[in-house]
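# Structural overview
In case you want the letters, here they are:
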Amino acid sequence: MSKKRVNFEYCDRLVRDFEKAVERPVKGDSNNYYTGVDLGTACVVVAVLNENGEPVAGAYRYADVVRDGMVVDYIGAVQIVRELKLEVEEKLGAELFYAASAIPPGTDALDSGAIKNVVEGAGFELTNLFDEPTAANEVLQISNGAVVDIGGGTTGISILKDGKVIYVADEATGGTHFTLVVSGAYQIPFEEADLFKRNNENHAELLPVLTPVIEKIATIINKHIEGYDVQEISLVGGTCCLEGIEKIIEKKTGIYTHKPQNPMFVTPLGIAMTCEAETN
């Protein structure tokens, strides 16, 4: 008997509310704000929730301060997070003191200190540090299956059983590799290729070009879920915005694969949910 598949109704609503809050912050009399800082390879996101877990503000910026899940421009990362923090504070009319963040699975010994220093260097007190797919599941709310976070530089995998994470892994290959392929195929600069890739209108044209890289990601997933009873794969991360990526991964893995309407902001919101705010 197949297990009941998760739907993304709650996730999609939360992301839609966050997108609205980025454009029009929700000012209130809350004393508790829960902030998530997502230092992605392609994009840095700051997401803020109120005490009811509702998105109230946010900001993001495309940047090149992280590569393959590792901070490579510490000063630049601190500057961007500080600027986004100030931007959100001005929108809310309140100061943000506490934040959580996340790292690719299995990199805590390598880069957790750098992430902590970036967040605290930007003016936050770091209250929690999760792996990215596990943080994403705060929003997805999956009990059984695999959460696959395909970011700019790496693919992170968390396997869940009865609501608990039983395995995590992370390997290089993500959106940056997509951009390199597009750059080579179209003979255009990397920056131009990245913008071309992000445009939804180009996705149908790009999917055949990017299929080999997507299949490599599927191979990575297959390797790490081998031996586990995974009947469902949920995709998150900015790279998963590529239309049709879930169909190729499902065909290669043989496992039902789906994604939220906008997988880009799932992880930042999940990170915010792990923040242990105190009364400001």
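Structure report, in brief. (Residues numbered from 1 in each chain as written. Predicted model: local features only at pLDDT ≥ 70, side-chain atom pairs only at ≥ 80, totals over all residues. Heavy atoms only, no water.)

Before going further, it helps to examine the sheet that holds strand E11 (residues 232-236). With mixed pairing, five strands are arranged side by side in an open sheet as E10-E9-E8-E11-E12. The open sheet terminates on both sides in strands that have one partner only, identified here as strand E10 (164-172) and strand E12 (256-258). Going from strand to strand, the sheet's axes swing by 20 degrees on average, the running direction of each strand aside. Across the sheet, helix H4 (residues 132-140) touches strand E8 (145-150), strand E9 (154-161), E10 and E11, and the angle it forms with E8 is around 115 degrees. (Pairing = 2+ DSSP bridges. Helix = DSSP H or I, 4+ residues; strand = E, 2+ residues; numbered from the N terminus. Axes fitted to C-alpha atoms, helices over the stretch in contact; angles between N-to-C directions. Contact = heavy atoms within 4.5 Å.)

So, about the pattern of salt bridges. All told, the structure shown has nine salt bridges when counted by the stated rule. A salt bridge links Glu 120 to Lys 116; its shortest N-O distance comes to 3.0 Å. Of the two residues, Glu 120 and Lys 116 are both situated in helix H3 (residues 108-121); the distance of four residues between them amounts to about one turn of the helix. Judged by relative accessible area, which is 31%, Glu 120 ranks as partly exposed. With relative accessibility at 36%, the residue Lys 116 sits in the partly exposed group. Asp 194 serves as the salt-bridge partner of Lys 197, at 3.1 Å between the closest nitrogen and oxygen. One end of the pair, Lys 197, and the other, Asp 194, are both in helix H6 (residues 190-198), three residues apart, so they sit about a helical turn from each other. A single burial state applies to Lys 197 and to Asp 194, both of which are buried. (Salt bridge = Lys/Arg side-chain N within 4 Å of Asp/Glu carboxyl O. Buried < 20%, exposed > 50% of the residue type's maximum accessible area, 1.4 Å probe, protein only.)

Take the pairing of E10 next. Relative to E10, E9 runs antiparallel, the two sharing eight bridges. Considered in E10, the bridge of Ser 158 is made with Val 168. The turn joining E9 and E10, which pair antiparallel and follow one another in sequence, is formed by two residues; a positive phi near 55 degrees is taken by Asp 162.

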